[in-house]
Amino acid sequence: EVFAVAFSPDGRRVVSAGPGSAIRLWDAANGTQVGEAPLGLVSPALSVAFSPDGQFIASGGVDKTLQLWGAATLQPIGTPLQGHGDFVLSVAWSPDGRRIASGDRAGTLLLWPAPAAWPDLLCSKLTRNFSKKEWDRYIGPELPYVEQCPGLPVPRD
């Protein structure tokens, strides 16, 4: 069974939702399956949607949660988002990619911050950036230092 399908923004892939481990990714040109969510990580999925940039997939299902997935790997992003009281029947991304809407069988609509909004939400709670020493410790010296929250102070090491 397939309960829902959605095209990627570039039209090259299709994601489908169904029972079991049924978040599946398909090549839109020839209809062959190119990926599947790992077994045991998803309850029967009833709804799916690609983010506007094509990097993420949101799914909703029988477990009353919303789950985010990396579109390239079909690996879960974080833990399932809880708040619905019944099966999640529909999911949709805002055009700017900053919010996700989900609707359940009981008629509840919930709005969630999407990955594009996460940096702003985090920076609104912080008082400073990482120092260069903290960056090397927690992020890694192989990546060049980036000011995480422009406008917030960068402490000296």
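Worth saying up front: this structure is predicted, and the values here are computed from it rather than measured.

How would you sum up the overall build of the protein? Please name residues and give values.
Scanning the protein from terminus to terminus reveals two helices and 11 strands. Seen in sequence order, the protein has helices and strands lined up from the N terminus as β-β-β-β-β-β-β-β-β-β-β-α-α. Out of the 157 residues in the protein, the part that is buried amounts to 38%. Surface summary for the protein: the accessible area is close to 9,000 Å², and the carbon and sulfur share equals 58%. In the protein, 13 positive and 15 negative side-chain charges are present, and the distance between their average locations comes to 6 Å.

Break down the sheet that holds strand S3 (residues 24-27) for me, with residues and values.
Pairing within the open sheet is antiparallel, and its four strands lie in the order S1-S2-S3-S4. Looking at the sheet topology across the chains shown, the edges are occupied by strand S1 (4-7) and strand S4 (33-36). Between one strand axis and the next, the sheet turns through 20° on average, direction left out of account. Taken together, the three bridges between S3 and S4 define a ladder with antiparallel strand orientation.

Would you mind going over unusual backbone geometry in detail, with residue names and values included?
Backbone geometry at Lys64 places phi at a positive 70°, although glycine is not the residue there. Structurally, Lys64 can be placed in the loop between strand S6 (56-61) and strand S7 (65-70). By relative accessible area, Lys64 is classed as partly exposed at 35%. The phi torsion at Leu74 lies on the positive side, around 55°, for a residue other than glycine.

Describe the layout of surface pockets, and please don't skip the residues or the numbers.
Taken as a whole, the largest pocket holds about 160 Å³ of empty space. Contributing to the lining of the largest pocket are Pro119, Leu122, Cys123, Leu126, Arg128, Asn129, Phe130, Glu134, Gln148 and Cys149. Element by element, the count of residues in the lining of the largest pocket is highest for helix H1 (residues 118-123), at three residues. Of the residues contributing to the lining of the largest pocket, the split by class is six nonpolar, two polar and two charged.

So, how was this worked out
- Residues numbered from 1 in each chain as written.
- Predicted model: local features only at pLDDT ≥ 70, side-chain atom pairs only at ≥ 80, totals over all residues.
- Heavy atoms only, no water.
- Helix = DSSP H or I, 4+ residues; strand = E, 2+ residues; numbered from the N terminus.
- Buried < 20%, exposed > 50% of the residue type's maximum accessible area, 1.4 Å probe, protein only.
- Areas by Shrake-Rupley, 256 points an atom, 1.4 Å probe, with all protein chains shown as cover.
- Lys, Arg positive; Asp, Glu negative; His and termini not counted.
- Charge placed at Lys NZ, Arg CZ, Asp CG, Glu CD.
- Pairing = 2+ DSSP bridges.
- Axes fitted to C-alpha atoms, helices over the stretch in contact; angles between N-to-C directions.
- 1 Å grid on protein atoms, 1.4 Å probe; cavity = no way out; pocket = protein on both sides within 12 Å on 5 of 7 lines; lining within 4 Å.
- Points joined across faces, edges and corners; volume = space filled by probe spheres on them.
- Nonpolar A, V, L, I, M, F, W, Y, C, P; charged D, E, K, R; others polar.

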